[in-house]
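Here are the chains, one letter per residue:
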Amino acid sequence: MWSSSWLVLPLPLLASLAQGAHHVVKVGENEKLEFVPETLKAAVGDTVEYQFFSKNHSVVQSSFDKPCQPLEDGFFSGFVPASSPKEASKTTFTINIKDTKPRWVYCSQGNHCQSGMVHGINVESKKMDEYIKEAAKAKANTSPNSQRPAWGFRRMHVDIGKNGKNEVTPNDIKEIPGTIIQFKFHQKNHSVVESSFDKPCVPIDGGFSSGFITVKNDSFDAVFNILVPHTRPIWFYDANDSNCKSGMVGSINAPSKGNTLEAYSAKASTVEKSKIPDYAPIGGVAVIDGLINPVFDGPNLVIPVILVEKSSDADANKTTSSATSTATTAPTESAGSGHSTKYLSGSKNNANSSIHINTAAGGSKPGHYAYPDEISDDTIAFLQTLKLLDRILGKTLYAWYKKIAKDGEWEGIYPDSLVAMIQSMSAQISVHYQTLEDTLNRFDVHPSGTFNDTACTFKLPAGDEIDEYVIASLVLLKLEIGALADVSVLIAQKGDSWFLPALVTEVGAKSRMSAVINMIQNKNAAAAPREVLLPVELAWSYAMTHFVESCPDNGGKIKNMPEKPFAPLEVVHKELSGDTSEDRALKVTLNFTVPAGAEGGKGNGEHWVAWVGPWGTFEYTKLDKNKVAEVPENMFGYVWIAVVNDNTVGLSELEDVTVAGPQIVWTSNPSGEIDLQFDKGIV
């Protein structure tokens, strides 16, 4: 079957674009049925951009043996109509070269393929002659079943305010789903904001917005990218001053009758004042003078992927030019906002993971959740807790990435492959976050007065030591893995097992992330993850104590979580079995304050340490009057501990007897980096 899905490239491949050459191929110039050049040589990491001229052409990959027939999972540009025989269309199609194998290409319009409109990449001249002869004999010239572009980037270039004019050029855009619309900003101060037809100059809920972008001169490069998600009309405007009222508006796939662009512009002319969302960019990817702006997509912090920067007009006339590319991360697809459904965040139609996030994350959110009619209150609390943890982790990973990426203060401290891994982690966490957001919105779990993680402020790493970010990310990953394992069990018991596939796959993703950070710390990454289940209530307590600065009184509490976090727990000393870091911990000395009113175990002030380890291990050891406890012999690697006043309950009831904690402890290598204590509030 022909794949109509959007292109997903691995990050190392994206990174290689920056080093490769950029080739330009002209399709149908001067009304000739030909590709120019007919053949070219391209190296791994190069890009090939197809520019289209008059008539209506396409770029389709075939096999050598079956010319004029689409190759399964080959690239396809979609049809690109153009009016000029000498001036290229605003729409281009770009592919990335990931190997030097021959690629056979044709135009699937009419009999163009049989007429010799074919093309080859890394092919021998003799083989090309044979391909042309076989194409001439083809009985049919076939297009892929899906008309969406595939395995390449179809992009339409739109100018905002070019030559100092308050105009969108072109403003009546006709494009197929899967096309990237790239708005390029020129001098003055402009914006691109999505609205509805009925309410022009007013942002639509969940729509895209570039925010105001000021350009002093055209040497300053500023673009905003969205993805066309469907064929339904999309309306947008410039919110600066009276520009919307004056006709600086545009549409994507507006009808030719009825609700036309002209009708939309007429409605806009009656609006006295334009509005714009409070934060930006949302619903798309902004690149300002070569720097990637984070996308604040509703509550989600997104780091976008930039594919290939547009070459200059001078370079456009060259067959080969230097290409620039920046690979970063990003999450979601939305509909009116240039994504595959209506909202980048908070969508009720289950398909809101953008190409930019998907590319960096290596996959998108679930497309089908099998929603039941109801969801339990407990499950809502569990998902809200996981969503809070994802938000904290996502912000931490992004802050870390910013410092190690290009132009960051720690640029060069890690190899590019490792920087790409941190990028990918950030994107994956965003996908996880939006998976939870989808479900909570599906059941309308965001009315006033319920928990809103976007309103909380956080205590995140902010120092000059890279270990701060490494350790915080690792602790958060371990925290999330433990909570995910517990929640997976609990929601099955609550009858909400339909959500299990999303959760258990997140455990796998976060386990791999944890292994990467282990290697960054010069620790061995286990061949198989040895993860620790942690009761979700304890995970919530740890996050609230160590990573959350405050949440507003209105909407700051997750229902069914404890009334307040447990007392903080600190490991102040470890007694080792020897003198080297390879030795095991034998005893730990703790520091904590018993909350007022908390009773000691068995009525005489006794306390124990609950040890929660890998493979479901769970054990108690007695805490003496000096707050010293032995480490169980069967605990290895990272374990969670809590101080409790009852040593008879099971793991599922641990939150009912907890006095202080939890805290994470590295038992196999007690002087490992987890105990650097960059911030005593975290480890």
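Note that the structure is predicted; figures quoted are calculated from it, not measured.

Next up on the list: the state of the cysteines. One pass over the structure, following the stated rule, counts three disulfides. Here Cys 68 pairs with Cys 113 through a disulfide, and the sulfurs are 2.0 Å apart. Residues Cys 68 and Cys 113 are joined through a disulfide that is left-handed, its torsion about the S-S bond being -85°. You can see Cys 68 sitting in the loop between strand S6 (60-62) and strand S7 (80-82) and its partner Cys 113 sitting in the loop between strand S9 (103-106) and strand S10 (118-121), a full 45 residues away along the chain. What makes Cys 68 buried here is its relative accessible area of 0%. The class for Cys 113 is buried, based on a relative accessible area of 0%. Here Cys 201 connects covalently by a disulfide to Cys 244, the sulfurs 2.0 Å from one another. Judged by the torsion about the S-S bond (-80°), the Cys 201/Cys 244 disulfide is left-handed. With Cys 201 in the loop between strand S16 (193-195) and strand S17 (213-215) and Cys 244 in the loop between strand S19 (234-237) and strand S20 (249-252), this residue pair connects regions lying 43 residues apart in the sequence. Indicated for the protein chain is the disulfide connectivity 1-2, 3-4, 5-6, based on numbering the bonded cysteines in sequence order. Left unpaired, Cys 107 is separated from the closest cysteine sulfur, that of Cys 113, by 8.4 Å. Among the residues examined, Cys 107 registers a relative accessible area of 0% and is labelled buried.

To continue, consider helix H8 (residues 466-493). With 28 residues, H8 extends 41 Å from end C-alpha to end C-alpha; this agrees with the ideal 40 Å at 1.5 Å per step. Of all 28 residues that make up H8, 23 are buried, and the element is covered over most of its length. The first or second residue beyond H8 is Gly 495, which carries a positive phi of 85°.

Below, the discussion takes up the confidence of the model for the protein chain. Low-pLDDT stretches of the model should not have their predicted coordinates read in fine detail. This prediction gives the protein chain a mean pLDDT of 79; 78% of its residues lie at or above 70. Contacts of residues 294-356 to residues separated by more than four positions or lying in other chains number 260 contacts, the stretch itself having pLDDT below 50. The low-confidence segment residues 670-683 (pLDDT under 50) makes 42 contacts with residues lying over four places distant or belonging to another chain.

For helix H3 (residues 261-268), the full list of buried residues reads Leu 261, Tyr 264 and Ala 268. Around the axis of H3, the buried residues are gathered within 60° of arc, so they sit on the same side. If you follow the buried residues of H3, they end up packed against strand S13 (172-173), S16, S19 and S20.

In spatial order, the strands read S31-S30-S33-S34; together these four strands make up an open sheet with antiparallel pairing. Both edges of this open sheet fall to strand S31 (618-623) and strand S34 (658-666), since each of them pairs with a single strand only. Between one strand and the next, the sheet's axes are offset by a mean angle of 25°, whatever the strand orientation. Here strand S33 (residues 638-644) runs beside S34; their pairing, made up of six bridges, is antiparallel. Bridge pairing in S34 links Val 639 to Val 665.

Looking now at the nonpolar core. Ranked by internal contacts, the top residues of the largest apolar core, which has 84 residues, are Trp 400, Tyr 414, Trp 640 and Leu 654. For this core, the element with the highest residue contribution is H8, accounting for 16 residues. Not counting the four nearest positions on each side in its chain, Trp 640 is found in contact with Val 475, Lys 478, Leu 479, Val 532, Leu 534, Tyr 542, Ala 610, Trp 611, Val 612, Pro 662, Gln 663 and Ile 664. Listed in part, the 22 residues of the second largest apolar core include Phe 208, Ile 213, Met 248 and Ile 288.

Bringing the pattern of salt bridges into the picture now. This model, assessed by the stated rule, comprises 20 salt bridges. For the salt bridge of Glu 134 with Lys 137, the shortest nitrogen-to-oxygen distance reads 3.6 Å. Of this pair, Glu 134 and Lys 137 both sit in helix H2 (residues 125-137), three residues apart, which is roughly one turn of that helix. Overall, the relative accessible area of 60% leaves Lys 137 in the exposed class. Bridged by salt links that share partners, the residues Lys 387, Arg 391, Glu 437 and Asp 453 form one connected network.

According to the stated counting rule, one finds 18 aromatic pairs in the structure shown. For the ring pair Phe 35 and Tyr 50, a centre distance of 6.4 Å and an interplane angle of 85° mean the geometry is edge-to-face. Here the residue Phe 35 occupies a position in strand S2 (residues 35-36), and Tyr 50 occupies one in strand S4 (residues 47-52), the gap between them amounting to 15 residues. Look at Phe 35 and you get buried, because its relative accessible area is 3%. Relative to Trp 640, the ring of Tyr 542 lies with its centre 5.4 Å away and its plane at 80°, an arrangement referred to as edge-to-face. Taken as a pair, Tyr 542 in helix H10 (residues 536-546) and Trp 640 in strand S33 lie far apart in primary sequence, 98 residues in all. For the pair formed by Tyr 542 and Trp 640, the shared burial category is buried. One residue, Lys 403, lies across the ring of Trp 410, its end atom 4.9 Å from the ring centre.

At a minimum axis separation of 10 Å, helix H6 (residues 377-404) and H10 run at an interaxial angle of 40°. Seen along the crossing, H6 lies across H10 with a hand that is left-handed. In this structure, H6 contributes Phe 382, Thr 385, Leu 388, Leu 389 and Ile 392 to the contact, and H10 contributes Val 536, Ala 539, Trp 540, Ala 543 and Met 544. Counted by class, the contact of H6 with H10 contains nine nonpolar, one polar and no charged residues.

So, about the sheet that holds S19. The strand order across the open sheet built from four strands is S13-S20-S19-S16, with neighbouring strands paired in mixed fashion. This sheet does not close on itself; its edge strands, each paired only once, are S13 and S16. Relative to S19, S16 is paired through three bridges, and the arrangement is antiparallel. By the bridge assignment for S19, Glu 194 is matched with Phe 236. Running over the sheet, H3 touches S13, S16, S19 and S20 and is turned about 145° from S20.

Note that the residue after Val 36, namely Pro 37, is joined by a cis bond; omega there is 0°. Positive phi outside glycine occurs at Asn 122, with the angle close to 55°. Mapped onto the elements, Asn 122 comes out in the loop between S10 and H2. By relative accessible area, which is 12% here, Asn 122 ends up buried.

Attention now moves to the side chain of Asn 253. In this structure, Asn 253 sits in the loop between S20 and H3. Here Glu 175 takes part through its backbone oxygen, which lies 2.8 Å from a polar atom of the side chain of Asn 253. If we skip the residues at most four places from it in the chain, Asn 253 touches Ile 173, Lys 174, Glu 175, Val 228, His 230, Thr 231, Arg 232 and Pro 233.

The next subject is the packing of H6 against H8. Contact geometry of H6 with H8 gives a least axis separation of 10 Å together with a crossing angle of 160°. Judged by the inter-axis angle, H6 sits roughly antiparallel to H8. The element H6 and its partner H8 pack so that their crossing is left-handed. Tallied by class, the residues present in the contact of H6 with H8 amount to 21 nonpolar, three polar and three charged.

Criteria and thresholds
Residues numbered from 1 in each chain as written. Predicted model: local features only at pLDDT ≥ 70, side-chain atom pairs only at ≥ 80, totals over all residues. Heavy atoms only, no water. Disulfide = S-S within 2.5 Å. Helix = DSSP H or I, 4+ residues; strand = E, 2+ residues; numbered from the N terminus. Buried < 20%, exposed > 50% of the residue type's maximum accessible area, 1.4 Å probe, protein only. Expected span 1.5 Å × (residues − 1). pLDDT = per-residue confidence, 0-100. Contact = heavy atoms within 4.5 Å. Arc of directions from axis to C-beta. Pairing = 2+ DSSP bridges. Axes fitted to C-alpha atoms, helices over the stretch in contact; angles between N-to-C directions. Core = buried A, V, L, I, M, F, W, Y, C linked by side-chain atoms within 4.5 Å. Salt bridge = Lys/Arg side-chain N within 4 Å of Asp/Glu carboxyl O. Phe/Tyr/Trp six-rings, centres within 6.5 Å; stacked < 30°, edge-to-face > 60°. Lys NZ or Arg CZ within 6 Å of the ring centre and 35° of its normal. Left-handed = near helix turned anticlockwise from the far one by under 90°. Nonpolar A, V, L, I, M, F, W, Y, C, P; charged D, E, K, R; others polar. Polar contact = N/O pair within 3.5 Å; in protein donor to acceptor, adjacent residues only side chain to side chain. Parallel < 35°, antiparallel > 145°, perpendicular 65-115°, else oblique.

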